[in-house]
Structure formats: C-alpha cells, structure tokens
Amino acid sequence: MRDDTLEMVKNDSFVPAVEIPSDKIMPLLVMAPELLVIWNGDSVWLSHEKGKTACLPLAEASVVLRGGLIVGHDTKDFLKALLAKNCRQLPAVKHDTAQCSFLLNPLRKSRALADLAGIESLDDPKLAIAALWEVYERQKKALAELPGLQRVAQTMDFPLVNVLAQMEFQGIKIDTSKLEKMNKSLTREIAVTQQNIYDMVGYEFNIASPAQLASALFDKLLLPIAGIKKGKTGYSTNQKELDKLRGQHPIIELIERFRELSKLQNTYVAALPEQTDANGYIHTTFNQDATATGRLSSTNPNLQNIPIRTELGRQIRDAFVPAPGNVFVNADYSQFELRLAAVMAGETVMVEDFNTDVDIHAKTAAEVYGVPIDEVTPVQRRRAKVVNFGVLYGMSQHGLAQAAHMSFAEAQHFIDEYYRIRPRVKAFMEQTIRQAHDNGFVQTLFGRRRPTPDVKSSNFAVRSAAERAAANMPIQGTEADLMKMAMLAVEKRLAEGPDVDASRLPSEAGKSEKNGFALPERQASSDSMLASTDNPSIPLGRQVLQIHDSIMVECPRQNAEKVSKILVETMENIYPSLGIKLKVDVKVGDSWGEV
DNA sequence: CTGATCACGCAC
DNA sequence: GCCGTACGTGATCATA
C-alpha cells in the first residue's frame, strides 16, 4: 500500500533555524498571530517566523502564549505541561502536525516529526523547528485540497486537543479504600473457587491458561468435544464454548465465576489503585489518533471499558467519586448510532419513529413479525434489538444466528424482512461499500476519511471484513464527529461560568463567587497572582470523561441543575440541520456508578 | 529479560 | 468465513 506518498518528502539538506535571544524579540513573539512550538520536556522553543527561533523556560513561555495560537507536534503534552505550571489560559491549537498526519493518512505507521520531515534525528531543537515549519506548510497545502477534512481538523480535532489536555490533567478521584476492600474479598472467593476446581479435576493447574484448562476439561474430565470450536492451539474454552458445556459438569459454572472474578481483580480492582497520583486521582490518556473511525480511545488506564453490566462490575464504577462538595453529571445520547443510520440512510419512517419517541426495537419486531407493536413479546423485542445493532455492523445470517440464538433460516428470514421494511438502510450500506471500492475510502457526514484498501483483497474473508468495516465507518465516525463537536460546545458553555447565568437567574446572584469549580489542589495553588490576573472566570464544571456516546462532568453540587441543563441543551442541539431529533438522558450522582 | 502474538473479556 | 470500534491481562513463544 502506498503509505507515505501524501506526506513523505526527502530532505537531504535541512537548514536549522537561527536562535535569537528571546528578550530581543519578545514583542514579536507576543504579537505573533501564531507560534510554532517545540517542547523538549525542559525548555520551550518558539518561532514566529520561518528560520528564526527563541528559547524560553516553560514558565515564561506560558506567559507569552497566554490566549494565543500554537502550531506543534503532539501539542497535548505541551498543554498539560503548561497546566502543571499553573497556566490559567491555555493557548489554542491552530494546527497539530501529528494529528493532521493521522487525518491525512491514518494507515501511516510512524507519525514522529522526524519521520514526517524525512530527517534522521531531531535532537537539535533548532532543527526541529525547521522541520516543524516544513511539515506544517506541506500539511496546510494538503488540507487545502480536501476542504471537508480541513474543516474536521480545524473545527474538531485541533481545538479538541485543548479540551482533552484539561480532562487528562484534571483526572478523576477514586476511592482506593473501597477498591482495596473489594480486592480482599475477591482474593478470598477466587481462592475458594480455584480450590473447588482443583478438587473436581483431581490435580492443580493454571486455570488461566487456555491450553491447560482445555486439557483438564477434555482430556481429564472427558467432556464432549462435539461442536467445540478449535483455535490454532487447540479446543477453545471461551465463554461461548463453555455455554455449550453448561449442564454437562458443575465445573463449568466454577470456571465462569473464576474468569469473572479474576478479570475484574486483575484488570480493574487491583490495577486502578496503582495508577493514582499523590491525591488519589487517575489521569487517563485520551488518544485522538488511534481509531479507524475517529473515535477517541483511552489508555493507561482505559477508562472507556470500566464494567457496568454485572453487579460486581458496577461496584467498580462506584469507586470513582467526585471531590468533596462536588457531584458527577453524566449525559448520554439515546440510540445515537441507530438514529444516525436512520437519517444518513434517509429511512424516513424510522426517522419519524425516533422523532416521536417510538420504542424502535419494539417497532422493528412488530414490523418483522407482522404483529401490532403492543403485542410484541419480550423475546421478539430482544431479537429485534440484536438485529438493529447487527445492521450497524454489517451482519450476516451467520453472525445474527449466533448472536440472537436463532437458526440460520430464522436469521436469514429476519434479515430479509428487515431489509424489505428498511430498504434505504440496505441501499445505504451497499452504496457505502461501493464508494469504498470506487474511491478507496469512505467518509463521515463531515468528511473524516477512512482508507479502505482491503476491499480489493482477493481473499474473501479479508475483503468481507473490510466491507463490513467500511459500511460501519460513516455511522460510527459521524457519531465521533458529533461527540467532538458536543465536547467543544459543552466546554464553552461550562466556561461561561456562574456569572452569565446569574444575570439570567436572579436567585443565583450573590453566590457566584462560591459557585466556581475548583479542586482542592487547584485552590491550594501558591500562585495567587495568576489566579487574579489571568482570571478566566471559573467554569461551572469540568468534563472528566467521554465514552463514545456520553459525557461526564464534575461540578459543585449547587451547579448540578445548571450543568444538567447545559449538557442536555448543548448535546441535543449540537447539529440542528442533522435531520433527526437527538435525545439525551442526564443523571446526577455522588459516584460514577450512580449516574 | 523483553517484545510480539494469542486468547480472552470489558466497554460503546 | 461467518457483526463494527477500542484496550489490558496473562500465557506463551520467539528473540536478544
């Protein structure tokens, strides 16, 4: 695959920028419409003009950049460094070369600045500034050729860096003593379960090893291997296969319990307390250049896959708590992706159903089974729900059959009926796949792109998987676009602070000073001058999490109602010309588990 | 020992 | 062959 044609340029002779004493050009730096930034973890190199650069300590750069515009590579790290230096008014990101590289070519392997510039090493900051100028100007030209992508970059991904930096810096507090209690009780129950398993098998082994477990089940206990899937290493012992063995032997339930408990303990309960800072806060990293669809991802730790489905899992969410005096406000879009599928496909009846708050899964079941909507049975509705999700993922009769526990024939019938009732959805999927073939990429409503080289594969499985991924991307990606727009709009509304609404709501007048949001460590800041002179009004609350269709804000308890209203209003009206109503549910609580 | 890969399971 | 997008864990095996 042509990997680097869009961005890669050979550079045999690169001229380093000339260093100019910062005091000599301070006025130029302060007045510059944009400043290129290289931050090496220690000092900051700024450039207002190609060929020139000045070196400043981080604290001084923080003052120069206050409220300005920056161009850099991986600017989020730099913004977080500024926040750590108590910078109250971050510069805005005008252009980020790492993020832009991702938007232009998400398949590219390395996005290091040196690679983008085609240079061996950028140890010298003066050389790095020169490289940054080079890459910046090249990317500007590339974006100018792609207006849709340019808009995505400039109105979504670049400004979002600022929001993400603040979210990561802010962090979320966890109640470590709660998790430690859970940890102890998990350790005890795991030990008991493990011993029971050993007793049944007759010897001790590593239950976590799929190979050893398969040997215990199929060699020692001689459980039937008929219908059990084989992997590369042997018989599979995953949940789906264990399901088939249920009732054959009491050990199956014990293994499932062992799996559930050890998963929760290893991945969350024991791991999270090890990742807190000195104040008990967890600071995840939100990656904006990791997914093929434009979604964010979360790492170190991943806060986007904290359990919720089982009671034990939900208890882990209860350990995420707001600072004293604060609450969490969580807002999530209802049926976000299905609504987008309906409107993007132009399936007008479905759109109308969503606009009038019809139970879409029940409606789907009613149509497919040909019964009145109020006579739909719970089983019918459940199956229709699986199909509604399956559509988004490009389901086959095979996939549907196993997901909804029905026969191939039933699944095929269901799919046929579904597409007979929703022909525009089918046409939309097919049209998207055709675009993937004809154009080599698919895109969101706003022009974010995903290259689709594998739809040309001669391997049926590879090609089919690529077509399903292509069909899904415009929907999942448009969801990601709208979420980013919502986060930016929410950030703006929260920043208006208590004073704006105080004028609208007389009852709030006089309390404004205390309504502001600040965590203990921020209040403890010794830099009182910055607090008063920088003086962006204190926000009503701070975004702390984004999980694909939801935004969670932490705010002082007295702001909860106002923040709830802001979230619902902003998210529901994020893109009025979309052509379908967006519904947002909001909840206030004293822990993540409560919301 | 470190890194890559697999199997598995968690989220939306 | 068989429904999309992620990330983290432990086991396992290759590599240095």
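Residues numbered from 1 in each chain as written. Chains lettered and ligands numbered in written order. Predicted model: local features only at pLDDT ≥ 70, side-chain atom pairs only at ≥ 80, totals over all residues. Heavy atoms only, no water.

**Quick look at the protein's contact with DNA strand C**
Item 1. Of all residues adjacent to DNA strand C, which total 33 residues, the nearest are Asn206, Ser209, Ser396, Gly399 and Ala403.
Item 2. Per the 4 Å cut-off to the protein, sugar and phosphate atoms form 66% of the nearby atoms of DNA strand C.
Item 3. At 3.1 Å from a sugar or linking oxygen of DNA strand C is found a side-chain nitrogen or oxygen belonging to Gln476.
Item 4. For the surface near DNA strand C, the secondary-structure elements that each account for two or more residues are α11 (251-269), β10 (297-299), α17 (397-403) and α20 (460-495).
Item 5. Per-element tally for the surface near DNA strand C: the top contributor is α20, with five residues.
Item 6. Tallied by class, the residues present in the surface near DNA strand C amount to nine nonpolar, 20 polar and four charged. (Near = heavy atom within 4 Å. Polar contact = N/O pair within 3.5 Å; in protein donor to acceptor, adjacent residues only side chain to side chain. Helix = DSSP H or I, 4+ residues; strand = E, 2+ residues; numbered from the N terminus. Nonpolar A, V, L, I, M, F, W, Y, C, P; charged D, E, K, R; others polar.)

**Points about the packing of helix α15 (residues 360-369) against helix α16 (residues 378-392)**
Item 1. Running from amino to carboxyl end, α15 crosses α16 at an angle of 100°, the nearest separation of the two axes being 8 Å. Considering their axes alone, α15 and α16 lie roughly perpendicular with respect to each other. Taking contact as the criterion, the partners of Ile360, His361, Ala362, Thr364, Ala365 and Tyr369 in α15 are, on α16, Gln380, Arg381, Arg383, Ala384, Lys385, Asn388 and Phe389.
Item 2. Residue classes in the contact of α15 with α16 are distributed as six nonpolar, four polar and three charged. (Axes fitted to C-alpha atoms, helices over the stretch in contact; angles between N-to-C directions. Parallel < 35°, antiparallel > 145°, perpendicular 65-115°, else oblique. Contact = heavy atoms within 4.5 Å.)

**Thoughts on the domain arrangement of chain A**
Item 1. Annotation of chain A at the domain level lists domain 1 (11-170), domain 2 (174-282), domain 3 (326-335 + 478-589) and domain 4 (337-473).
Item 2. Taking the mean C-alpha position of each, domain 2 and domain 4 sit 34 Å from one another. (Domains from an automatic or database assignment.)

**Things to note about the protein's contact with DNA strand B**
Item 1. Near DNA strand B, the surroundings consist of 19 residues, among which Thr237, Arg295, Asn305, Ile308 and Arg309 are the closest.
Item 2. Of all atoms in DNA strand B that approach within 4 Å of the protein, 84% are sugar or phosphate atoms.
Item 3. Gln239 places a polar main-chain atom, nitrogen or oxygen, 3.1 Å from a phosphate oxygen of DNA strand B.
Item 4. Interatomic distance of 2.6 Å between a backbone N/O atom of Ile308 and a phosphate oxygen of DNA strand B.
Item 5. The element that contributes the greatest number of residues to the surface near DNA strand B is α11, accounting for three residues.
Item 6. Residues of the surface near DNA strand B, tallied by class, amount to five nonpolar, seven polar and seven charged.

**Quick word on the pairing of strand β5 (residues 69-72)**
A regular strand carries its side chains on alternate faces of the sheet.
Item 1. Taken together, the three bridges between strand β2 (residues 35-39) and β5 define a ladder with parallel strand orientation. Bridge pairing in β5 places Leu35 opposite Ile70. (Pairing = 2+ DSSP bridges.)

**Focus: the packing of aromatic side chains**
Item 1. For the coordinates displayed, the defined rule picks out 10 aromatic pairs.
Item 2. For the ring pair Phe320 and Trp592, a centre distance of 5.0 Å and an interplane angle of 85° mean the geometry is edge-to-face. Placement of the pair is Phe320 in strand β11 (residues 320-321) and Trp592 in the segment after β17 (584-589), with a sequence separation of 272 residues.
Item 3. The ring of Phe441 carries Arg449 above its face, with NZ or CZ at 3.8 Å from the centroid. (Phe/Tyr/Trp six-rings, centres within 6.5 Å; stacked < 30°, edge-to-face > 60°. Lys NZ or Arg CZ within 6 Å of the ring centre and 35° of its normal.)

**Let's talk about the side chain of Ser550**
Item 1. If you trace the backbone, Ser550 turns up in strand β16 (residues 550-556).
Item 2. Residue classification places Ser550 among the buried positions, given a relative accessible area of 9%.
Item 3. Beyond its immediate sequence surroundings of up to four residues, Ser550 is in contact with Asn330, Ala331, Asp332, Met483 and Leu545. (Buried < 20%, exposed > 50% of the residue type's maximum accessible area, 1.4 Å probe, protein only.)

**A few points about the packing of helix α8 (residues 176-201) against α11**
Item 1. Viewed as axis vectors pointing N to C, α8 and α11 meet at an angle of 150°, and their least axial separation amounts to 9 Å. One way to sum up the angle between α8 and α11 is to call them roughly antiparallel. For the pair α8 and α11, the sense of crossing is left-handed.
Item 2. Within the contact of α8 with α11, the residues separate by chemical class into 13 nonpolar, seven polar and two charged. (Left-handed = near helix turned anticlockwise from the far one by under 90°.)

**Points about unusual backbone geometry**
Item 1. Geometrically, the link from Asn300 to Pro301 is a cis peptide bond, its omega value of -5° lying close to zero.
Item 2. Note on placement: Pro301 falls in the loop between β10 and α12 (311-318).
Item 3. One non-glycine residue, Gln335, lies in the positive phi region at around 50°.
Item 4. Tracing the backbone through its elements, the reader meets Gln335 in the loop between β12 (326-333) and α13 (336-345).
Item 5. On the basis of relative accessibility, which here comes to 27%, the residue Gln335 falls in the partly exposed class.
Item 6. Here His548, not a glycine, exhibits a phi torsion of approximately 70°, which is positive.

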